[in-house]
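Reading the structure
Residue strings, one per chain:
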Amino acid sequence: MSWLFRKLVRPALFALNPETAHEFGIDALRFGLGTAAARNVASRLYGSEFSFGPIERFGLRFANPLGIAAGFDKNGVAVNALAALGFGFVEVGTVTLRPQTGNPKPRLFRLVEDGALINRLGFNNDGVERVVARLRRASHRCIVGINIGKNRDVPVDDAIPNYVDCFRRAYSAADYVAVNVSSPNTPNLRELQRPESLRELLRELQNVNGELSGTSALKPLFVKIAPDVAESDVEAIVGIALEFDLAGLIATNTTVERSGLRSDATETGGLSGKPLRDRSTGIVRLAHRHSKGRLPIIGVGGIFSAGDAFEKIAAGASLVQAYTGFVYGGPSFAGEIVRGLDAILTRLGFTSYEEAVGSGARP
Ligand SMILES: Cc1cc2nc3c(=O)[nH]c(=O)nc-3n(C[C@H](O)[C@H](O)[C@H](O)COP(=O)(O)O)c2cc1C
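Note that the structure is predicted; figures quoted are calculated from it, not measured. (Residues numbered from 1 in each chain as written. Predicted model: local features only at pLDDT ≥ 70, side-chain atom pairs only at ≥ 80, totals over all residues. Heavy atoms only, no water.)

Judged by pairing direction, the barrel is parallel, and its eight strands sit side by side in the order β3-β4-β7-β8-β9-β10-β12-β13 before closing back on the first. Direction aside, neighbouring strands of the sheet carry axes that sit 25° apart on average. In terms of strand pairing, strand β3 (residues 66-68) meets strand β4 (residues 89-95) through two bridges, oriented parallel. Among the inter-strand pairings, Ile68 is bridged to a residue of β4, identified as Val90. Of the strands in this sheet, β4 and β7 (143-148) touch helix α5 (residues 128-137), which is tilted by about 155° from β4. (Pairing = 2+ DSSP bridges. Helix = DSSP H or I, 4+ residues; strand = E, 2+ residues; numbered from the N terminus. Axes fitted to C-alpha atoms, helices over the stretch in contact; angles between N-to-C directions. Contact = heavy atoms within 4.5 Å.)

This is the structure:
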């Protein structure tokens, strides 16, 4: 099936402008796999069996370790369709407190020679209330995270109440919440990664988390970081995440770096895909080392193959996510990665998934 996508469907989609192709893809998932019967067929064709699963983390059970990264299903319209294609979890969003339209188009670009994308979408989304209402209407066949961000018109100095209100509304519909302080497309957002700002933001969010959770366990809270941070920042962020009892770190978002590209990449925005892979794996490795393995990490950036996913796990990622690899790989992508990971873990003689995390083994 994957040859059919590569020979016929991808060329047709890639003839469209990237954002139109994305909308077409989302509609194909939303309506084409809109019924349980259609999803069962897709699941048989493309789904994934993971013999090392389920993976228990932060009180949640993941059927397999591969999720679809934030930004693909920003409005939570295709969660079950993505699960049918073999993803073990879906991170919806980034959602903001109020709906917003994002930056002017064009704002999404393909770098085909590099296996990459550049985007400067700027958190176009329906707003947290509509997304949460939509998510609550359906029951989901995989873990659902909600990634939250700040409205563009809110100055970074006033960001905390905006995040807190968004978190309050996202809480009930999310299995976990990811705090996005790393998108390059909302002016000054990444300043919130600075230790003093991050500490204040996470303190407030965890206070509200405690209030909403009552006597139950806290909602697993993650912070998603950029790949363009210094080693000392990674160390500081890890320390803050541990201090505030975060469930973990998501590493990484897109990069503003442009080195080593074959394509002429003049567009501003965040670069994702193959050129990001080693940089993000490096951040996973650093975070794992600085936390001495105590802080779970979701590794994301440039995963195109099972070997790429395994590299992130061996560097310390407990779970992985992909976006750009799915755009290039099509509907068979998740199943191929998950089955391939299963084969790698078996070949290397691991008897449990846990053993592979941070093992430093090579695929
Ligand atoms: C078109 C596009 C939109 C994205 N939107 C978001 C977003 O809204 N929030 C977020 O945290 N990350 C967003 N990302 C970043 C991805 O979640 C991921 O961190 C990054 O693309 C690296 O993974 P990849 O190389 O597998 O694509 C977006 C990425 C792309 C390509």
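All right, on to the site of the ligand then. The environment of the ligand is made up of 25 residues, and the closest members are Ala70, Thr94, Lys224, Gly302 and Thr324. In the environment of the ligand, an oxygen atom lies 2.9 Å from a nitrogen or oxygen atom belonging to the side chain of Lys74. Interatomic distance of 2.7 Å between a side-chain N/O atom of Thr94 and a nitrogen atom of the ligand. Compared with its free state, where it exposes 610 Å², the ligand has 98% of that area covered by protein. Broken down by secondary-structure element, the contributors of at least two residues to the shell around the ligand are β4, β6 (116-119) and β11 (270-273). Its residues placed into classes, the shell around the ligand shows nine nonpolar, 14 polar and two charged. (Near = heavy atom within 4 Å. Polar contact = N/O pair within 3.5 Å; in protein donor to acceptor, adjacent residues only side chain to side chain. Areas by Shrake-Rupley, 256 points an atom, 1.4 Å probe, with all protein chains shown as cover. Nonpolar A, V, L, I, M, F, W, Y, C, P; charged D, E, K, R; others polar.)

Our focus in this paragraph is the packing of α5 against helix α6 (residues 159-170). Taken N-terminus to C-terminus, the directions of α5 and α6 make an angle of 15°; their axes are 9 Å apart at the nearest point. Classified by the angle their axes make, α5 and α6 are roughly parallel. Seen from above, α5 lies across α6 with right-handed handedness. Together, Val128, Glu129 and Val132 of α5 and Cys166, Arg169 and Ala170 of α6 make up the contact between the two elements. For the contact of α5 with α6, the class distribution of residues is four nonpolar, no polar and two charged. (Parallel < 35°, antiparallel > 145°, perpendicular 65-115°, else oblique. Left-handed = near helix turned anticlockwise from the far one by under 90°.)

Any functional reading would require information beyond the geometric quantities listed.
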